[in-house]
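Spelled out, the chains give:
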Amino acid sequence: MEELVGLREGSSGDPVTLQELWGPCPRIRRGIRGGLEWLKQKLFRVGEDWYFLMTLGVLMALISYAMNFIVGRVVRAHKWLYHEIGDSHLLRYLSWAVYPVALVSFSSGFSQSITPFSGGSGLPELKTILSGVVLEDYLDIKNFGAKVVGLTCTLATGSTIFLGKVGPFVHLSVMIAAYLGRVRTKTTGESENKSKQNEMLVAAAAVGVATVFAAPFSGVLFSIEVMSSHFSVWDYWRGFFAATCGAFMFRLLSVFNSEEETITSVFKTSFRVDVPFDLPEIFFFVALGAICGILSCAYLFCQRTFLTFVRTNRFTSKLLATSKPLYSALATLILASITYPPGVGRFIASRLSMGQHLDTLFDNNSWALLTRNSSPPWPAEPDPQNLWFEWYHPRFTIFGTLGFFLIMKFWMLILATTIPMPAGYFMPIFIFGAAIGRLIGEALSLAFPEGIVAGGVINPIMPGGYALAGAAAFSGAVTHTISTALLAFELTGQIVHALPVLMAVLAANAISQSCQPSFYDGTIIVKKLPYLPWIRGRKISSHRVIVANFMNSGITTMAKDTPLEEVVKVVTSTDKAEYPLVESTESQILLGTVQRAHLVQALQAEPPSWKAPEYQCLQDILAGGCPMEPVTLQLSPETSLHQAHNLFELLNLQSLFVTSQGRAVGTVSWVELKKAISNLTNPPAPK
């Protein structure tokens, strides 16, 4: 029923509804409505991104801080329950294990019941989206609530599961950016711009990292390295502005809540500034990078293999398909049982939070030297002033606990990555790398207790510097990024180890990138998401591979003179989205493309009409209004594989036609490119 409208008495204005006439305070409501409309027009003004990016950064900072606040309270409640439950080992074990099992089961069940896209990190899928692939509903705002609740429960398990929030927070930030983009498009009446949307998504990824670590510089660089194969410098300011707003707001909230006196780094260190390291130590930093690179290759291979096994094994795949919470509960029970402090957990510092792990590993003092002539007892409760005692046990040396920590966390992290719940995997590998560096640093400090003599001056070795380099090197090798070096400096607020840390990261990446795909690329492979692999090696011989060697020559073209009976046969016998349109059957000169949906619509408009004498060929259908789209970009049979690969990555293409002197001779899609790259990397055996 249509709404009744009328005019105010004595008014010559536009008609208004009776609800507006009789509602309370009509003038005030009209003023508020007009003010909101003005605000929307200002906030979403065409071509203006400042408000959009600032809103995104501030909003994600608020969510990040609120999540940390809630998680801190829940973890504190868990510790209180564990301490107050009594001396019974059974009750203490149950309080330690049941708590994370319940949280993880709820996280997995709740998030998966809302949407199946809320599990995992989210970065592999985002990388696929930014490469030009459309994943339906993955950025829908309805996933946001499920991801937030699930991630909060995951983080509330503490160091039991040992997972972070970087990946999911990047996904959350991108979802908010996509939603704000749709609101802006609807408000301004603009048509949807795919290029503009991708620019905002990359900026949102930077905000996700920046609001977790309060690190805007590394947030921007990390998002570029992980999410994009090519990046426009024009978009640089967007990422930095949004990331800076987010990081500033995130740290400002800590000051407002009296947690910090001023805006400082997240993990405070006090490395020597005058002589942080001696020149001969550069060799050990590079060796540490090589060790991290080798271990990262082992980790990536084992993680990808185990994830594939879990998804293909008959029992585990059925469990994941029918009861994800049950699988999550079983995996969490294993991890919680191992980290139980009176048991094995006392040898892997399980009573420390993830933040406390980094605080202790970045300690300046050498634990090996401090415990060489004394044996401090393992405290009944963690000592806030001496948290490093958690890494020492009278039965083990410092080297024993660090080595055992690395061995156990290696497979525990791999198991944790298979749990179907929102979780980040960057922070765990960052801490794992810090433990590798700490182990090497402690060994060097014990081998050179007075320090390494350089230029007649002796400076003691700082194991914390090696922990910093190990964290950046191992995490960089696993993710195939260099920006982890800058992240380490922003996290600690000190840049005195800039050169050795960067050299360690480069050495680790050199080994990792030549042997294994990154963590995110490996997940894309296991999940069978569409992706375009890199051309590794880039030998001279690879530049001789041209499009003619691998293109698909069996293409179905439609000529203008094609009889309509033949057009009907082609449309009904194939399911291609579009067909190449050529001048004639004889010439095969490419003119453009015709969408299958448009052809079907034109043929079904008047079913008997195409049988009439005046409708004899496809040309008549085109003249009757069936649209034809021009082909703006084509490949030549002589185009090299590298050039074709760069075009596909730069323009986010899915397929291209190949023409020779204007004649359509084939097509190249991701399928042909991936096969050509595979043959280049692993040449087929000669027949």
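Reading the values: the criteria
- Residue indices begin from 1 for each chain and proceed along its sequence in written order.
- Where local features are concerned, this predicted model is filtered to residues with pLDDT of at least 70; where side-chain atom pairs are given and counted, the filter is 80 or more; whole-chain, interface and lining totals use all residues.
- Only hydrogens and water are removed before side-chain values are computed, so all heavy atoms of the structure are retained for them.
- Under the DSSP-based scheme used, a helix requires at least four consecutive residues in state H or I and a strand at least two consecutive residues in state E, with every element numbered from the N terminus.
- A simple rule labels every residue: compare its accessible area, found with a 1.4 Å probe on the protein chains alone, to the largest value its type can have, and call it buried under 20%, exposed over 50%, or partly exposed in between.
- In what follows, residue pairs with any heavy atoms lying within 4.5 Å of each other are defined as contacts.
- Axis definition: a line fitted to C-alpha atoms, limited for helices to the stretch in contact. Angles are taken between N-to-C directions and run from 0 to 180 degrees.
- Note on terminology: angles under 35 degrees are roughly parallel, angles over 145 are roughly antiparallel, angles of 65 to 115 are roughly perpendicular, and the others are oblique.
- Crossings are classed by handedness, with left-handed meaning an anticlockwise turn of the near helix from the far one by less than a right angle and right-handed meaning a clockwise turn.
- Any residue that is not Ala, Val, Leu, Ile, Met, Phe, Trp, Tyr, Cys, Pro, Asp, Glu, Lys or Arg is counted as polar, Gly included; the first ten are nonpolar and the last four charged.
- As used here, the arc belongs to the directions running from the helix axis to the C-beta atoms.
- Whenever a nitrogen or oxygen atom comes within 3.5 Å of another N or O atom, the pair is scored as a polar contact, on the condition that within protein one atom can donate a hydrogen and the other can accept it, and that pairs from neighbouring residues in sequence are kept only if both atoms are in side chains.
- Any carboxyl oxygen of Asp or Glu within 4 Å of a side-chain nitrogen of Lys or Arg constitutes a salt bridge here.
- Each nonpolar core is a collection of buried residues, namely Ala, Val, Leu, Ile, Met, Phe, Trp, Tyr and Cys, held together in the definition by side-chain atoms within 4.5 Å.
- Strand pairing is assigned whenever DSSP identifies at least 2 bridges connecting the two strands.
- The rule is short: rings of Phe, Tyr and Trp, with Trp giving its six-membered ring, pair when the centres are within 6.5 Å, and they are stacked under 30 degrees, edge-to-face over 60, tilted in between.
- A ring is considered to have a charge above it if a Lys NZ or an Arg CZ atom is located within 6 Å of its centre and within 35 degrees of its normal.
- Two joining distances apply to patches: 9 Å for like charges and 5 Å for nonpolar side chains (Val, Leu, Ile, Met, Phe, Trp, Tyr), and every residue must have over 30% relative accessible area and no salt bridge.
- We get accessible surface area from the Shrake-Rupley algorithm with a probe of 1.4 Å; when it comes to residues, only the shown protein chains can shield them.
- Given a helix with a known number of residues, its expected span is that number minus one, times 1.5 Å.
- Think of pLDDT as the predictor's per-residue confidence, scored from 0 to 100.

Colleague: Would you mind showing me how to read the overall build of the chain here?
Modeller: Secondary structure assignment for the chain yields 27 helices and 10 strands. Looking at the chain as a whole, 51% of its 687 residues qualify as buried. Pairs at least 24 apart in sequence give 73% of the contacts found in the chain among residues at least 6 apart.

Colleague: Help me understand the packing of helix 16 (residues 398-416) against helix 17 (residues 426-447), please; the structure alone is not making it clear to me.
Modeller: Think of two packed helices as two axes; the pair is described by the angle between the axes and how far apart they sit. Relative orientation of the contacting elements helix 16 and helix 17 amounts to 155°, with a least axis distance of 10 Å. Accordingly, the angle class assigned to the pair helix 16 and helix 17 is roughly antiparallel. Note on packing geometry: the crossing formed by helix 16 with helix 17 is left-handed. Between helix 16 and helix 17, the contacting residues are I398, F399, L402, F405, L406, K409, F410 and L413 on the first element and P428, I431, F432, A435, I436, R438, L439, E442, A443 and L446 on the second. A breakdown of the residues in the contact of helix 16 with helix 17 according to their chemical character gives 15 nonpolar, no polar and 3 charged.

Colleague: Looking at this structure, I do not really get unusual backbone geometry. What am I missing?
Modeller: Phi is mostly negative for residues that are not glycine, and the peptide bonds are mostly trans. In this structure, A214 is a non-glycine residue whose phi angle is positive, near 55°. Its place among the elements puts A214 in the loop between helix 8 (194-213) and helix 9 (216-227). Given a relative accessible area of 16%, A214 falls into the buried group.

Colleague: Help me understand helix 12 (residues 314-322), please; the structure alone is not making it clear to me.
Modeller: Side chains three or four residues apart in an α-helix point the same way, a direct result of the helix having 3.6 residues per turn. Considered for burial, the residues of helix 12 that qualify are T316, L319 and L320. Each buried residue of helix 12 sits inside an arc of 95° when the element is viewed along its axis, so together they form one side. Within helix 12, the exposed residues directed more than 90 degrees away from the buried face are R314, K318, A321 and T322. You can read the cap of helix 12 off the contacts: a side-chain oxygen lies 3.0 Å from the backbone nitrogen of F315, and it is on N313.

Colleague: Sorry, what's going on with the pattern of salt bridges here?
Modeller: When charged atoms on two side chains of opposite charge get close, those side chains can pair. With the rule as written, the count across this model stands at 4 salt bridges. One salt bridge connects D521 with K127, and the closest N-O pair in it is separated by 2.7 Å. With a gap of 394 residues between them, D521 in helix 21 (residues 519-527) and K127 in helix 5 (residues 123-130) connect regions that are remote in the sequence. For the pair formed by D521 and K127, the shared burial category is buried. The salt bridge involving E390 is made with R351; its shortest N-O contact spans 2.7 Å. Residue E390 is located in the loop between helix 15 (367-370) and helix 16, and its partner R351 is located in the loop between helix 13 (324-338) and helix 14 (354-361); the two are separated by 39 residues in the primary sequence. R351 shares its class with E390; the two are buried.

Colleague: Sorry if this is basic, but what is going on with the nonpolar core here?
Modeller: Most often, soluble globular proteins keep nonpolar side chains buried together rather than apart. Within the largest apolar cluster, 123 residues are counted, with the highest numbers of intra-cluster contacts made by L126, L139, F213, Y299, L361 and W391. The greatest single-element share of this core, amounting to 11 residues, is contributed by helix 16. If near-sequence neighbours (up to four positions away) are discounted, L361 is found in contact with W367, W391, L402, I431, A434, A435, R438, G464 and A467. Residues V547, L656, W670 and L673 belong to the second largest nonpolar core, which totals 20 residues.

Colleague: Can you help me understand the pairing of strand 10 (residues 663-669) in this one?
Modeller: Walk down a regular strand and you will see the side chains alternate between the two sheet faces. Of all 7 residues that make up strand 10, 6 are buried, and the element is covered over most of its length. Looking at chain direction, strand 9 (residues 655-660) and strand 10 are connected through 6 bridges and run antiparallel. Counted as the bridge partner of F657 is T667 from strand 10. Linking strand 9 to strand 10, which pair antiparallel, is a turn of 2 residues; within it Q661 sits at a positive phi near 55°.

Colleague: Got a minute to help me understand the packing of aromatic side chains in this structure?
Modeller: Aromatic ring pairs are reported here in terms of the distance separating the ring centres and the angle at which the planes meet. This model, assessed by the stated rule, comprises 25 aromatic pairs. Geometrically, the ring pair formed by F432 and F474 is tilted, given 5.1 Å between the ring centres and 40° between the ring planes. Of this pair, F432 sits in helix 17 while F474 is found in helix 18 (residues 463-479), placing the two residues 42 residues apart along the sequence. Per residue, the accessibility class of F432 equals that of F474, and both read buried. Measuring from ring centre to ring centre gives 5.6 Å for F519 and Y520, while their planes differ by 90°; the resulting arrangement is edge-to-face. Residue classification places Y520 among the buried residues on the basis of a relative accessible area of 5%. Clustering of aromatic rings is evident, with ring pairs tying together F162, W367, W388, F389, W391 and F405. Just above the ring of F162 sits the side chain of K409; from NZ or CZ to the centre is 4.0 Å.

Colleague: In this structure, what is going on with the sheet that holds strand 6 (residues 578-582)? I would like to understand it.
Modeller: Each strand in a sheet pairs with its neighbour through backbone hydrogen bonds, running either in the same direction (parallel) or in the opposite one (antiparallel). The strand order across the open sheet formed by 3 strands is 5-6-7, and the pairing between neighbours is mixed. Both edges of this open sheet fall to strand 5 (558-559) and strand 7 (590-595), since each of them pairs with a single strand only. Here strand 5 runs beside strand 6; their pairing, made up of 2 bridges, is parallel. If you follow M558 over to strand 6, its bridge partner there is L581.

Colleague: Got a minute to help me understand the sheet that holds strand 10 in this structure?
Modeller: With mixed pairing, the 3 strands of this open sheet are ordered in space as 8-9-10. Either end of the sheet is taken by a strand with one partner, and the two such strands are strand 8 (634-635) and strand 10. Sheet topology note: the strand 8/strand 9 ladder contains 2 bridges and is parallel. Residue pairing for strand 9: Q634 is matched across the bridge by F657.

Colleague: Honestly, a nonpolar patch on the surface in this entry has me stumped. Any pointers?
Modeller: Residues L90, L91, L94 and V98 make up a contiguous nonpolar surface patch of about 350 Å² in total accessible area. On the secondary structure map, L91 appears in helix 4 (residues 89-114).

Colleague: It is not clear to me how the environment of L564 should be interpreted in this structure. Could you clarify?
Modeller: Among the structural elements, L564 can be located in helix 23 (residues 564-573). Taking relative accessible area as the criterion, L564 reaches 0% and is therefore assigned buried. Placed 55 residues apart in sequence, L564 and Q619 show a C-alpha to C-alpha distance of 9.3 Å.

Colleague: It is not clear to me how the packing of helix 17 against helix 18 should be interpreted in this structure. Could you clarify?
Modeller: Where helix 17 meets helix 18, the axes come as close as 6 Å, and the angle between the chain directions of the two elements is 140°. Considered as vectors, helix 17 and helix 18 are oriented oblique to each other. The two elements helix 17 and helix 18 cross, and the hand of that crossing is right-handed.

Colleague: Is there a simple way to explain helix 17 in this structure?
Modeller: Taking 1.5 Å per residue as the helical rise, helix 17 with its 22 residues ought to reach 32 Å, and the 32 Å between its terminal C-alpha atoms agrees with that figure. Across the 22 residues of helix 17, 17 count as buried, placing the element largely inside the fold.

Colleague: Would you take a moment to explain the confidence of the model for the chain for this structure?
Modeller: A low pLDDT score tells you not to read the predicted coordinates there in detail. Per-residue confidence for the chain averages 83 on the pLDDT scale, and 89% of its residues sit at or above 70. Mean pLDDT across the secondary structure elements of the chain bottoms out at strand 1 (residues 5-6), with 50, and peaks at helix 11 (residues 281-312), with 94. Confidence drops under a pLDDT of 50 for residues 1-5, and excluding neighbours within four residues, the segment shows 8 contacts in the predicted structure.

Colleague: Would you mind going over the environment of V166 with me for this structure?
Modeller: Relative to the assigned elements, V166 resides in helix 7 (residues 166-188). Those residues in contact with V166, other than ones at most four positions away along the chain, are V209, V212, F213, G424 and F426.

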